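# Coordinates in review
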Amino acid sequence: MVCLGNICRSPLAEGLLRKKIYNHSLTWHVDSCGTANYHIGSPPDSRMISTAAIYGTDISDLKARQFSQSDFEKYDIIYVMDKSNYANVARIAQNESHRNKVRLLLNDWKPSSNLEVPDPYYGTEDDFKQVYELLDEALEHILNKLKSEK
Ligand code: 4NP
């Protein structure tokens, strides 16, 4: 799960998918990171932590890190939240197989829609709630889709 800062969207996506993986008794590994280095080592944004907590998801123990080349080796799928993250990750892929791992997250739910998970960082409390509801729904569909492909 990749966004810009790894303090709002991608840690939430990590926490949500981790919970769903557990609920489905799966053993998949999920992690998150940011394309930028601004917040390395920081916990998620306090507004994202409290929004997630309202809905019953605890992401308070996560720590931001930056995307690295080794992630292309380590992960089967690299989900990015928006087109700018897509461009930044795809640009540093060193081969076609690595580039093919990068997917705009919402396209795995709504194919070819090219929809983005909006960045709530400069937004309101409501924007954080909307991101939660969007990611929760999208990831439920994505988990079921990946499960059926296994
Ligand atoms: P995120 O949100 O990419 O969803 O973690 C942002 C976090 C921090 C900044 C921008 C977006 N920033 O400019 O510091």
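One can find the structure itself at the top, above this paragraph.
Residues numbered from 1 in each chain as written. Predicted model: local features only at pLDDT ≥ 70, side-chain atom pairs only at ≥ 80, totals over all residues. Heavy atoms only, no water.

## Considerations on unusual backbone geometry
One non-glycine residue, N6, lies in the positive phi region at around 60°. Along the polypeptide, N6 turns up in the loop between β1 (2-3) and α1 (9-23). In this structure, S25 takes a positive phi of about 55° despite not being glycine. Following the sequence through the fold, S25 ends up in the loop between α1 and β2 (33-34). (Helix = DSSP H or I, 4+ residues; strand = E, 2+ residues; numbered from the N terminus.)

## A word on the packing of α1 against helix α6 (residues 125-149)
Put simply, α1 and α6 touch, their axes get as near as 10 Å, and they point 45° apart. It follows from the interaxial angle that α1 and α6 lie oblique. In the packing of α1 onto α6, the handedness of the crossing is right-handed. Listed contacts from α6 to R9, L12, A13, L16, L17, K19, K20 and I21 of α1 are V131, Y132, L135, D136, L139, E140 and L143. Of the residues in the contact of α1 with α6, the class split is 10 nonpolar, no polar and 5 charged. (Axes fitted to C-alpha atoms, helices over the stretch in contact; angles between N-to-C directions. Parallel < 35°, antiparallel > 145°, perpendicular 65-115°, else oblique. Left-handed = near helix turned anticlockwise from the far one by under 90°. Contact = heavy atoms within 4.5 Å. Nonpolar A, V, L, I, M, F, W, Y, C, P; charged D, E, K, R; others polar.)

## Remarks on the packing of aromatic side chains
Enumeration according to the criterion identifies 3 aromatic pairs in this entry. Centre to centre, the rings of F67 and F72 are 5.1 Å apart; their planes meet at 80°, and the pair counts as edge-to-face. In this structure F72 comes out as buried when scored by relative accessible area, which is 0%. Taken together, a centroid distance of 4.9 Å and an interplanar angle of 80° make the contact between Y121 and Y122 edge-to-face. Take Y121: its relative accessible area is 31%, and that puts it in the partly exposed class. Judged by relative accessible area, which is 77%, Y122 ranks as exposed. One Lys or Arg, K110, reaches over the ring of W109 and ends 4.4 Å from the middle of that ring. (Phe/Tyr/Trp six-rings, centres within 6.5 Å; stacked < 30°, edge-to-face > 60°. Buried < 20%, exposed > 50% of the residue type's maximum accessible area, 1.4 Å probe, protein only. Lys NZ or Arg CZ within 6 Å of the ring centre and 35° of its normal.)

## With respect to helix α2 (residues 46-54)
Residues of α2 that are buried: M48, T51 and A52. Looking straight down α2, one finds its buried side chains confined to an arc of 100°; they lie on one side. Away from its buried face, by an angle of more than 90 degrees, α2 presents the exposed residues S46 and I54. Just beyond α2, the residue with positive phi is G56, at close to 90°. (Arc of directions from axis to C-beta.)

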